[in-house]
Amino acid sequence: MGAGRTELARIIAGADRSSTGRVLVESRRVPPNSPRHAIRAGIGFLPEDRKRDGLVLTLSVGENIGLPNLTRWSRGGIVARGAEREEAERWVSELHIKTPHVAERVVRLSGGTQQKVVLARWLAARAKLLVMDEPTRGIDVGAKAEIYELMNQLTDRGAGILMISSDLPEVLGMSDRIYVMRGGRIEAELDARGATEERVLQVALGLAS
Amino acid sequence: MSGWVRWFRGAGRRFGTVAGLMVLCAILWTLTPHFLTVGNALNVMEQTSINAIVAVGMTYVIISGGIDLSVGSLLAFSGIVLAEGLKAGWGTPLAIAAALFVGAVTGVANGAGIAFGRLPPFIMTLGMMSVARGAALLVTDGRPVSGFSPGFRSLATGQALGVPSPIIFTLAMYAGAHLVLSRTRFGRYVYGIGGNEEATRLSGVAVRFHKTMVYGVSGLASAVAALLLTARLNTAQPIAGINYELDAIAATVIGGTSLSGGEGSLGGTLVGALTMGVLRNGLNLLGVSSFLQQLVIGVVIIGAVLTDALFKEKRP
């Protein structure tokens, strides 16, 4: 949309370099431009284009969940396949991921199910902050509701979620605080309780400040 | 896709290579009585061992989404290092270690150019193909180095329980390399990088480091092949290994490894290398001219890639 939202998300996740600014998690600085350090700091990233930036389609559900977690699920460089399988199965059942088994290749799953696999990966990594870029785009209504439900469970358990969305009802319905971006800047911070679609649109379009 | 079509495609992917090899063997068996003898079978496997070992590295590289055109030159260069070391009286273990080290380091240089210098694998390894060949020719002044101790030559001429040592070497290499690819974090990352490099990077994997190592594995495999070739021929040639990259790529692709990366197995590559070896051997037994052989082998390679494309599920 040109507002700089995806760019901001990618910088927080360590995917890209920023010219200025710092990322802090729990008051500790996260080294920039390094997905590995972002993950270590507890940041999980659900990219806008999950097929391009999120999943390795040729790998299985379990292997995709394992990808950022293998350092913990291996010993001396050798993957602890039993532990990996157990963890993957646990998250598959916890998130109700519709797959015949964890060895199924993610390329065969639906969009919503694939999104849940990305989410499972970060839950397994014990992420404290989830950066979700358009998490429900291209996902059917049923799976959307499930993802909202999961997001609520996560925040109830103390995780933070930074959601980027163009879907105004979704923004108003899910958020506690809303930041409106325009031309690469945050134009306004709104309390979700008092916010309306008109108000958000006005700020986004530059009709009011 | 209806159920049986899906089953057929899955089965085709899994058993196509083995079935192809078996059909080929059956045809050759009917055409020539010399084909199916223990002596000839061992002969084929021994002949195949060099290509099979080079193809181990090629499989790693292709699964990671790259290509290595420098394997033949690296083989020649490590072979020359080995031969010069043996001639200079370093002793067999040290000369072997030096050759393996040089192969691995040259491979790592390939990988560093690709991963950190962001050069396309095709260009980097094409350049290295010329660099390593030039180095081999320069060191030897273009002449072969020959005449080694029987102890060293037994690497290739020895046998255990009637099985020639190149076959034992090859099987050990495949067993080890397969375990690394299927059981270790490194192996998993190789598949991840080939399947989707960006997603793997965003999962916190040190993509550039692991990519570099993949080419190191390929260089090391070429050096191991150089040991066997040098021991078998009792000579190291600076012009050894020409066109070996084609044979290794062919073995890998016939074995079902996808040239687009992310998929493949060493078991498949071994079958692919054997298929190439059986084909060469059969054509020789049938008295087919070497010119026609080249043509036939090219057609088989193209056919294998086409079949792979047909059996493959569409990727979005």
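1. Side note on the side chain of B:Lys211
- Inspection of the secondary structure assignment puts B:Lys211 in helix 10 (residues 207–233).
- Non-local contacts of B:Lys211, meaning those with residues more than four positions away in its chain, are made with B:Gly111, B:Ile114, B:Ala115, B:Ile193 and B:Glu197.

2. A short note on the interface of chain A and chain B
- Taken together, the 33 residues of chain A in the interface contact 25 residues of chain B.
- For chain A, the biggest contributors to the area lost against chain B are A:Thr58, A:Leu67 and A:Arg81; these three give 21% of the whole.
- Linking chain A with chain B are 4 salt bridges, by the criterion used here.
- For the pair chain A and chain B, the interface holds 11 residue pairs in polar contact (both at pLDDT 80 or more).
- Those elements that place two or more of their residues in the side of chain A that touches chain B are helix 2 (35–40), helix 3 (50–54), strand 5 (78–79), helix 5 (81–94) and helix 6 (111–124) of chain A.
- Residue contributions to the side of chain A that touches chain B peak at 4 residues, all from helix 3 of chain A.
- Of the residues belonging to the side of chain A that touches chain B, the class tally is 15 nonpolar, 6 polar and 12 charged.

3. Overview of the packing of aromatic side chains
Residue and element names in this part refer to chain B.
- One pass over the structure, following the stated rule, counts 2 aromatic pairs over all chains.
- Arranged with centres 6.2 Å apart and planes meeting at 25 degrees, the rings of Tyr 60 and Phe 186 form a pair that is stacked. Separated by 126 residues along the polypeptide, Tyr 60 in helix 2 (residues 38–63) and Phe 186 in helix 8 (residues 185–195) bring together distant segments of the chain.
- According to the relative accessible area criterion, Phe 186 is buried, its value standing at 18%.

4. Observations concerning the domain arrangement of chain A
Residue and element names in this part refer to chain A.
- Per the domain assignment, the segments making up chain A are domain 1 (5–166) and domain 2 (167–209).
- The C-alpha-based centres of domain 1 and domain 2 are spaced at 25 Å.
- Contacts between the two partners involve 10 residues from domain 1, matched on the other side by 6 residues from domain 2.
- Here domain 1 packs against domain 2, burying approximately 770 Å² in sum over the two surfaces, 60% of which is carbon and sulfur.
- On the surface where domain 1 and domain 2 come into contact, there are 0 salt bridges.

5. So, the nonpolar core
- Counting residues in each nonpolar core, the largest one holds 71 residues, and the members touching the most others are B:Tyr60, B:Leu75, B:Leu82 and B:Phe152.
- Among the elements that take part in this core, helix 2 of chain B stands out by supplying 11 residues, more than any other.
- Excluding its chain neighbours within four sequence positions, the residues that come into contact with B:Phe152 are B:Leu82, B:Leu86, B:Thr92, B:Ile96, B:Leu227, B:Thr230 and B:Ala231.
- Formed by 35 residues, the second largest nonpolar core is a distinct cluster that contains A:Trp73, A:Ile97, A:Val106 and A:Leu123.

Cut-offs used in this document
Residues numbered from 1 in each chain as written. Chains lettered and ligands numbered in written order. Predicted model: local features only at pLDDT ≥ 70, side-chain atom pairs only at ≥ 80, totals over all residues. Heavy atoms only, no water. Helix = DSSP H or I, 4+ residues; strand = E, 2+ residues; numbered from the N terminus. Contact = heavy atoms within 4.5 Å. Buried area = accessible area lost by both parts, 1.4 Å probe. Salt bridge = Lys/Arg side-chain N within 4 Å of Asp/Glu carboxyl O. Polar contact = N/O pair within 3.5 Å; in protein donor to acceptor, adjacent residues only side chain to side chain. Nonpolar A, V, L, I, M, F, W, Y, C, P; charged D, E, K, R; others polar. Phe/Tyr/Trp six-rings, centres within 6.5 Å; stacked < 30°, edge-to-face > 60°. Buried < 20%, exposed > 50% of the residue type's maximum accessible area, 1.4 Å probe, protein only. Domains from an automatic or database assignment. Core = buried A, V, L, I, M, F, W, Y, C linked by side-chain atoms within 4.5 Å.

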